[in-house]
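The lines below spell out each chain.
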Amino acid sequence: MRSVIPTLTLAACLAVPSLASAQEEVSDPWEGMNRNLFAVHETVDQAVLEPVARGYRAVTPRPVRGGVRNFLRNLRSPVTFANDLLQGELSRAGTTAARFGINTTVGLVGVLDPATSMGFERHSEDFGQTLAVWGVEPGPYLFIPLLGPSNVRDSAGRIVDTAFDPLTWVGGEDIDGWRIARGVTTGIVVREEVLEAVDDIRANSVDPYASIRTSHNLLRQSAIENGRTDVQDLPEFDDIPDTQETPPGGGAAMSFLPSDQNVGLAYLSVDDLTGDAE
């Protein structure tokens, strides 16, 4: 499942001349705090998220999982459309609009994806990418429990994307329940998609925190450039060097976790999923 690994920034890629130089470019002045938040995320992941995701896979047939993923992606189309326009990508905005119209109607409210077979390829945009196109720097790296790797720019972008989401403005006494259900379902779908990828990085990465940080930087840059950066070849996790042996502020921030399990779920955006459900 090579396609799943880059989806949620769980592996590094050869998008820049060297992995070491790429890692040096990531501004992480709050590394001590981030590593502690990473450890908190790991605890929750192993206690709740991973078991639920494995149960979801066990009881849900692959076609059903694919339909759920398609439905969630379709719901997010207005966010991508708005950011396409803000980036001046009118052709891509037209593709997004066509996909939404086709998949909402012919595709049974997005459960199916006939638009892809008709030549309208799916892509993802968010306001963090839009800010980058406008020249806004990413700012310091952040690791947010349950949401994964980010930075100051992209975290602010999430707030704006919420305003672009029509579900934010829908009224009704049951709407809060629908929003919660959508968020929970998205989390389960995303975590199920990366079960093998997380297992792999836990088993093979010397420093999963550093691996995820580097991967996020490389793949985020590729997304900002609309895939023009080559991210096809993935090196081994051990090829990503650790920037320091001891996190700032003292001893190992993840010392209460087994050494082979210090990795967390990455960026929780179902629209970024590219792998096929198994």
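Residues numbered from 1 in each chain as written. Predicted model: local features only at pLDDT ≥ 70, side-chain atom pairs only at ≥ 80, totals over all residues. Heavy atoms only, no water.

1. Some points on the overall build of the protein chain
Our working definition: A run of DSSP states H or I qualifies as a helix once it reaches four residues; a run of E qualifies as a strand once it reaches two. Both are numbered from the N-terminal end. Partly exposed residues are those whose accessible area sits between 20% and 50% of the maximum for their type, while under 20% is buried and over 50% is exposed, using a 1.4 Å probe and protein chains only. Whether two residues are in contact is decided by their heavy atoms, any of which lying within 4.5 Å being enough. Here the accessible surface of atoms and residues is derived via Shrake-Rupley with a 1.4 Å probe, and residues count as covered only by protein chains that are part of the display.
Along the protein chain, the regular secondary structure elements total 12 helices and two strands. Secondary structure elements of the protein chain occur, N-terminal to C-terminal, as α-α-α-α-α-α-α-α-β-β-α-α-α-α. Relative to its full complement of 278 residues, the protein chain shows a buried share of 48%. Taking the intrachain contacts of the protein chain between residues at least 6 apart in sequence as the baseline, contacts between residues at least 24 apart amount to 80%. As displayed, the protein chain has an accessible area near 12700 Å², and 61% of this comes from carbon and sulfur atoms.

2. Regarding the nonpolar core
Under the convention used in this document: Only buried residues count toward a nonpolar core, which is a set of Ala, Val, Leu, Ile, Met, Phe, Trp, Tyr and Cys residues joined through side-chain atoms within 4.5 Å.
Counting residues in hydrophobic clusters, the biggest one holds seven residues: Val26, Phe38, Tyr141, Phe143, Ile201, Tyr209 and Ile212. The set of elements that each furnish at least two residues to this core consists of β1 (141–144) and α12 (208–224).

3. A word on the packing of aromatic side chains
To keep it simple, the criterion reads: Each Phe, Tyr or Trp ring (for Trp, its six-membered ring) is paired with any other whose centre lies within 6.5 Å, and the angle between the two planes then decides the class: stacked below 30 degrees, edge-to-face above 60, tilted in between.
Throughout the structure, instances matching the rule amount to five aromatic pairs. Between phenylalanine 38 and phenylalanine 143, the aromatic rings sit 5.0 Å apart at their centres with planes inclined by 85 degrees, giving edge-to-face as the arrangement. Placement of the pair is phenylalanine 38 in helix α3 (residues 31–59) and phenylalanine 143 in strand β1, with a sequence separation of 105 residues. For the pair phenylalanine 127 and phenylalanine 164, a centre-to-centre distance of 6.2 Å together with 75 degrees between the ring planes defines the contact as edge-to-face. Taken together, the residues phenylalanine 127 in helix α8 (residues 127–133) and phenylalanine 164 in helix α9 (residues 152–164) connect sequence positions 37 residues apart.

4. Details of empty space enclosed by the protein
Stated precisely, the cut-off is as follows: Both site types are read off a 1 Å grid over the protein atoms alone. A 1.4 Å probe that fits but cannot get out defines a cavity, while an open set with protein on both sides within 12 Å along at least five of seven lines defines a pocket; lining residues have an atom within 4 Å of a point. Grid points are joined across faces, edges and corners, and a volume is the space filled by probe spheres set on the points. Amino acids are sorted into nonpolar (Ala, Val, Leu, Ile, Met, Phe, Trp, Tyr, Cys and Pro), charged (Asp, Glu, Lys and Arg) and polar (every other residue, Gly among them).
For the structure on display, the rule yields one cavity of 30 Å³ or more. Reported here for the largest cavity is a volume of approximately 150 Å³. Along the wall of the largest cavity there are 16 residues; nearest its centre are Arg73, Asn74, Ser77, Arg99 and Arg122. The element that contributes the greatest number of residues to the lining of the largest cavity is helix α6 (residues 90–105), accounting for four residues. Counted by class, the lining of the largest cavity contains two nonpolar, eight polar and six charged residues.

5. Things to note about the pattern of salt bridges
The criterion, for reference: A pair is scored as a salt bridge if a Lys or Arg side-chain nitrogen falls within 4 Å of a carboxyl oxygen belonging to Asp or Glu.
One pass over the full model with this rule turns up 23 salt bridges. Between arginine 182 and aspartate 165 there is a salt bridge whose closest N-O contact spans 2.6 Å. Pair noted here: arginine 182 is in helix α10 (residues 175–193) and aspartate 165 is in the loop between α9 and α10, with a separation of 17 residues, a long-range link. One exposure class covers both arginine 182 and aspartate 165, and it is buried. Through salt bridges with shared partners, one network takes in Glu42, Asp45, Glu50, Arg54, Arg191, Asp199 and Arg202.

6. Points about α10
The condition that has to hold: Residue count minus one, scaled by 1.5 Å, sets the expected span of a helix.
The end-to-end C-alpha distance of α10 is 27 Å, a good match for the 27 Å that 19 residues give at a rise of 1.5 Å each. All of the buried residues in α10 are Ile175, Arg182, Thr186, Gly187, Val189, Val190, Arg191, Glu192 and Glu193.

7. Concerning the side chain of asparagine 70
By secondary structure assignment, the location of asparagine 70 is in helix α4 (residues 62–75). Dropping the residues within four chain positions of it, asparagine 70 is found in contact with Gly110, Val111, Leu112 and Asp113.

8. Considering a nonpolar patch on the surface
Applicable threshold: Each patch is built from salt-bridge-free residues with over 30% relative accessible area, joining like charges within 9 Å and nonpolar side chains (Val, Leu, Ile, Met, Phe, Trp, Tyr) within 5 Å.
On the surface, Phe71, Leu75, Leu108, Val109, Val111 and Leu112 cluster together into a nonpolar patch covering about 470 Å² of accessible area. Exposure remark for leucine 75: the relative accessible area of 32% places this residue in the partly exposed category.

9. Considerations on the pairing of strand β2 (residues 148–151)
Condition: At least two DSSP bridges between two strands are required for those strands to pair.
Bridge count for β1 against β2 is four bridges, and the pairing is antiparallel. Counterpart to phenylalanine 143 in the pairing with β2 is proline 149. Between β1 and the antiparallel strand that follows it, β2, lie three residues; leucine 146 among them carries a positive phi value of about 75 degrees.

10. A look at the packing of α3 against α12
Definition in use: All axes here are fitted lines through C-alpha atoms, helices being fitted over the stretch that makes contact, and every angle between N-to-C directions spans 0 to 180 degrees. Small angles under 35 degrees read as roughly parallel and large ones over 145 as roughly antiparallel, with 65 to 115 read as roughly perpendicular and the rest as oblique.
Contact geometry for α3 and α12: axes closest at 11 Å, N-to-C directions at 105 degrees. By the angle class used here, α3 and α12 are roughly perpendicular. Two secondary-structure elements touch here, α3 through Glu31, Asn34, Arg35 and Phe38 and α12 through Pro208, Tyr209, Ile212 and Arg213. For the contact of α3 with α12, the residue count by class is four nonpolar, one polar and three charged.

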